[in-house]
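# Structural features, examined
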Amino acid sequence: RSLNDLSRRQLPSGGFPWYPGGKDDLFMTLNVLEGLAQAKLYGIEIPKNLTDRAINYVMQEVPELLTSERRDLTTLMYSSFILSSFGNDFTLAKERSDFTQKAMQFADKNSKNLAPIGLAYAAWIYNRLNDKTHAESYLARALDGSGKDPVSGVYWAPEKNSWLWYNDSVGKHAFFLRVLLMMHPEDK
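Residues numbered from 1 in each chain as written. Predicted model: local features only at pLDDT ≥ 70, side-chain atom pairs only at ≥ 80, totals over all residues. Heavy atoms only, no water.

## Topic: the packing of helix H7 (residues 132–143) against helix H8 (residues 169–183)
Packed helices, taken two at a time, are described by the angle their axes make and the gap between the axes. One can describe the packing of H7 onto H8 by two numbers: an axis separation of 12 Å at closest approach and a directional angle of 145 degrees. The hand of the H7/H8 crossing is left-handed. Taking contact as the criterion, the partners of Ala135, Glu136, Leu139, Ala142 and Leu143 in H7 are, on H8, Phe176, Val179, Leu180 and Met183. The residue makeup of the contact of H7 with H8, split by class, is eight nonpolar, no polar and one charged. (Axes fitted to C-alpha atoms, helices over the stretch in contact; angles between N-to-C directions. Helix = DSSP H or I, 4+ residues; strand = E, 2+ residues; numbered from the N terminus. Left-handed = near helix turned anticlockwise from the far one by under 90°. Contact = heavy atoms within 4.5 Å. Nonpolar A, V, L, I, M, F, W, Y, C, P; charged D, E, K, R; others polar.)

## A look at helix H3 (residues 48–61)
Between the first and last C-alpha of H3 there are 20 Å, a value that for 14 residues agrees with the 20 Å anticipated at 1.5 Å per step. Buried within H3 we find Leu50, Thr51, Asp52, Ala54, Ile55, Tyr57, Val58 and Met59. (Expected span 1.5 Å × (residues − 1). Buried < 20%, exposed > 50% of the residue type's maximum accessible area, 1.4 Å probe, protein only.)

## Examining the side chain of serine 84
Along the chain, serine 84 turns up in the loop between helix H4 (70–83) and helix H5 (93–109). Overall, serine 84 belongs to the buried group, its relative accessible area being 19%. Polar contacts involving the side chain of serine 84 include one to the main-chain carbonyl oxygen of phenylalanine 81, which spans 3.1 Å. Residues in contact with serine 84, not counting those within four places in the same chain, are Thr100, Ile125 and Arg128. (Polar contact = N/O pair within 3.5 Å; in protein donor to acceptor, adjacent residues only side chain to side chain.)

## Some details on the packing of aromatic side chains
Taken as a whole and judged by the stated rule, the model has ten aromatic pairs. Ring geometry for tryptophan 18 and phenylalanine 27: centres 6.2 Å apart, planes at 25 degrees, overall stacked. Given the relative accessible area of 54%, tryptophan 18 is considered exposed. Aromatic rings pair up to connect Trp18, Phe27, Tyr78, Phe81, Tyr121, Trp124 and Phe175 into one cluster. (Phe/Tyr/Trp six-rings, centres within 6.5 Å; stacked < 30°, edge-to-face > 60°.)

Any link to function would need more than the numbers given here.
Here you go:
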């Protein structure tokens, strides 16, 4: 039932709107693809046609993200994280791989402008690309801003502009835990 509802909400462009009747939106489409990628990671069969159409939409939108603005860098890393989640069974495999490589080169040149969550996305992507040196470097930088105390444990203080999606403390903490579980499952 949920997949049927999701199918009905997908627009002819392949994108998803924030609300029924709205226009397609890159961030909402990436959110849907992230959920599908998570399901795929846990062995759930995901709808190929819906996924391919959403990937096609994202691939039309992401080239403009190759700018040096911080918000674009974080969205670029999020997009690359999502696009690199789907293997060769899905549309535009070579194009997605090429985009991810370009995005990572761009991120490397502009890494000082990445938000901590962007650094964590880069660590995940490089780990996925089997480049352990870059993955470890980005992870260390992502974790560098953490604090620790006996009551709160490990935490990250709210960032400037904490209302922005990529500065959300709960989402950031959860993603950092996912990266650590993937790269260092023994890390306390």
